[in-house]
Amino acid sequence: MMAVIKPYVRSEMAPAMPAPSTAVGVAHWVRQNLLATPKDVIMTIVAIAALAYVLPGLLDWLLFNATWTGSDRTACATVSAGGVVPDGQAGACWPFVQAKFEQFIFGRYPIEERWRPILVGLLFVVLLIPMLIPKAPYKGWNALALFIVLPLISFFLLTGGFGLEHVETPLWGGLMVTLILSFFGITVSLPIGIILALGRRSNMPVIKMLCVLFIEVIRGIPLITVLFFASVMLPLFLPDGWTFDKLLRALIGVSLFSSAYMAEVIRGGLQAIPKGQFEGADSLGLSYWQKMRLIILPQAIKLVIPGIVNTFIGLFKDTSLVSIIGMFDLLGIVTLNLSDSNWATAQTPITGFFFAGLIFWIFCFGMSRYSQFMERHLDTGHRS
Amino acid sequence: MGKKSMADHALGSVKPSSSGKVSLIYDPRARGIFYQVLTVFLVALFVFMVTQNTIHNLQKANIASGFGFLEGRAGFDIGQSLIEYSSDSTYADALLVGLLNTVQVAIAGVITASIIGFIIGLGRLSQNWLIAKICQVYVEIFRNIPPLLVIFFWYKGVLSILPNAKDSLELPFGMYLNNRGFAFPKIIPESGFGIAVAAFIIGIVASVIVSRWARQRQMQTGQQFPIGWTRLGLILGLPILVFVVLGAPVSFEYPELGRFNLRGGSNIGPEFISLYLALSFYTASFIAEIVRGGIKAVPKGQTEAANALGFRAGLTNRLVIIPQALRIIIPPLTSQYLNLTKNSSLAVAVGFSDVVAVGGTMLNQTGQAVEIVAIWLVIYLSISVSTALFMNWFNAKMALVER
């Protein structure tokens, strides 16, 4: 009776068993993500069927049926249209892109002078990369070089002067013009947007009213009307004998347009800053501009980086509209080259647009991915 | 003048003048007035100079200002028009045609973009990995390509390489597709068709009344009424019934393949199709992201609470999730609709006669730059302002009523 009942107590941990075979591995993943419910099974089947219908055709067109070499339209045209491709087969016409590649990049910029845009492009890349890497030092000097010095140097390099041959802007074109327009638009619209946003939040009624009027009018109308305005009305505004370069008009139109959108993005950031920050800055005795520059704007801009980058992406896409007012940006020059009878086949337009779309897509996608990276990088965790 | 200016004032008094009063330079109010007067002066000077130059330049080019030119003969044809128009019509008529075309493509685009956008947005939230990825790829492709390029892609890449009219692609129900556009049977109403239309309108009115009554009854007695089926029956069933009883009072004029062209039927030009498709696909990618964001923003606790109350999945979505998500979705959605309307001005690139394209033609013919830009401004701004007013009303109606 006095025997001590020893309860069974484990003194060491039991070894962990492997997960059941239905809960790990590929089978589990497929079951969880593709075949979870009867509805899912049907949707998966439909999706696979759709992919099976679309993908082979796409790959055929892009790669297997595509023409890769050739020097004129016969390489890409079907037999019945006077070419060598079998009737009924459709594939991309890559020799067209090869033949026109330099034009797509530089437009009609004189061939012997093309080292100048290449040099500008190299300088741009060299200055941009350290700017994009958060850890790279000397951000201030870098920004000065990228946003002030580089545009000045490129202006002289591209237009000529100082012994370089003069190249008129109507000869510029292609990706070069797209990049110039969007870089200029970005560089100008950010500061103007900040000023407009501050003006809209100002206590001075006159300044506030002017800023609201500008922002709302510009945001209410399509970019094309702004570009028409810039190309038709600006010359009317100038005194006799003054003329405006066509590229400059487009630059002004694009910058005005995007600065209104930028102002609204930044206003959103300003409104998100707690009042205590303004009051704290005031109580430290900072002037208005010190307060904005040192306390408010750094926080506000950080908050709205995604919005700013979205505006940049929008601006980059919008530069394609200048082809409507008769300039040859990337899209404009591709469209222009479609009328080249040397290359007129049924497949040429799609190929050209595919190429242009790919370039636009790479830039825009890159920008949006970079903004996601910066968002994570700058997230100090203070946001509650 | 609130706390902030008081702080400014205190700052100003750090350096009092000998008399103890704040020097005028440090008085924020005086500074504010000075800056504003300066701004007004500069703006007025700028406007004055611009006006002087413009008047001078217009006189030099012999262009009379004013809107009198709107009465003149337009002299150009418009491919697609909803109202009676010929090249003998006035410029004002041409503008009206353009405005109607803008509205037409905008409404068609908004409807299609919403449908595609909602499907893709919900697809991105799907548990099904494959569906979610396909929808994500769609969004990432179309968000990052200029809409103008998509328009050109359809117009020059797809529609213009379709066969000629004489060997059009035949589609079911007497429809044809060729490089002149999309031809389909024209619906010709016969006598009695009006009654079916009237039945449709009566159905809508009746369903509204029944909904109100059912709602009231549910509030008072708790008894539910199969309102969904009733509505469907009233709005669709009633007119169809009337239509069949009257012996289908409608006939079709089918397009016929002639030797060189299609005759008869209705035709939609490739300009409209490419603009409409491009705007729909492009805007749908943005709408999809808005829908996804809106639904994800509804806290998970709401779903769990609805489940705890014993709601089925469908009811949870319909009564709990969607009403809250809509409150978040609708403001950005409206701005996308506005964007689509503004992007419809890209019509000018493919020669679809919207209000900007017509205005551009008029601008080339008459040189009345100031007036035409002013007309554009008025048209687009009134669209924007009326949408903004509607949005304010809607937000006020939808806003959470809090304590």
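Residues numbered from 1 in each chain as written. Chains lettered and ligands numbered in written order. Predicted model: local features only at pLDDT ≥ 70, side-chain atom pairs only at ≥ 80, totals over all residues. Heavy atoms only, no water.

Caption draft 1: Representation of the packing of aromatic side chains in the model. Residues and elements named next belong to chain A. Taken as a whole, this structure holds 33 aromatic pairs over all chains when the rule is applied. Consider the rings of W61 and W94, whose centres lie 6.4 Å apart with planes at 65 degrees: the pair is edge-to-face. You can see W61 sitting in helix α2 (residues 38-64) and its partner W94 sitting in helix α3 (residues 94-106), a full 33 residues away along the chain. Residues W61 and W94 agree in their burial class; the two are buried. The interplanar angle of 75 degrees and the centroid separation of 5.4 Å between the aromatic rings of F155 and F156 together place this pair among those described as edge-to-face. Accessibility expressed as a relative area gives 38% for F156, which makes it partly exposed. (Phe/Tyr/Trp six-rings, centres within 6.5 Å; stacked < 30°, edge-to-face > 60°. Helix = DSSP H or I, 4+ residues; strand = E, 2+ residues; numbered from the N terminus. Buried < 20%, exposed > 50% of the residue type's maximum accessible area, 1.4 Å probe, protein only.)

Caption draft 2: A look at the domain arrangement of chain A. Residues and elements named next belong to chain A. Under the domain assignment used here, chain A contains domain 1 (94-109 + 168-377) and domain 2 (114-166). Contact residues are listed per partner, giving 14 residues for domain 1 and 15 residues for domain 2. Here domain 1 meets domain 2 over a buried area of about 1,300 Å², counting both sides, of which 73% is carbon and sulfur. Ranking the residues of domain 1 by area buried against domain 2 places F106, Y109 and F183 at the top, with a combined share of 45%. (Domains from an automatic or database assignment. Contact = heavy atoms within 4.5 Å. Buried area = accessible area lost by both parts, 1.4 Å probe.)

Caption draft 3: Spatial organisation of the nonpolar core. If you look at the biggest cluster of nonpolar residues, it comprises 155 residues, and the most contacted ones within it are W172(A), L270(A), L330(A), F76(B) and M362(B). Take this core: its biggest share by element is 11 residues, from helix α9 (residues 246-272) of chain A. Taken together, domain 1 (94-109 + 168-377) and domain 2 (114-166) of chain A each give at least three residues to this core, which thus spans both. The residues contacting L330(A), other than those within four sequence positions of it, are F104(A), G174(A), L175(A), T178(A), A356(A), I359(A) and F360(A). (Core = buried A, V, L, I, M, F, W, Y, C linked by side-chain atoms within 4.5 Å.)

Caption draft 4: How the structure looks around unusual backbone geometry. Its identity is not glycine, yet Y138(A) carries a phi of approximately 55 degrees, on the positive side. Position of Y138(A) relative to the elements: it lies in the loop between α4 (115-132) and α5 (139-159).

Caption draft 5: Geometry of the pattern of salt bridges. The tally for this structure, following the rule as stated, stands at 12 salt bridges over all chains. In this structure, the salt-bridge partner of R200(A) is E264(A), at a minimum N-O distance of 2.8 Å. With R200(A) in helix α6 (residues 175-200) and E264(A) in helix α9, this pair connects stretches of sequence that are 64 residues apart. Each member of the pair, R200(A) as well as E264(A), is classed as buried. Close ionic contact of E140(B) with R369(A) constitutes a salt bridge, the shortest N to O distance being 3.4 Å. Here E140(B), found in helix α4 (residues 129-143), pairs with R369(A), found in helix α14 (residues 348-378), and the two come from separate chains. Overlapping salt bridges bring together R200(A), E216(A), E264(A) and R267(A) as one network. (Salt bridge = Lys/Arg side-chain N within 4 Å of Asp/Glu carboxyl O.)

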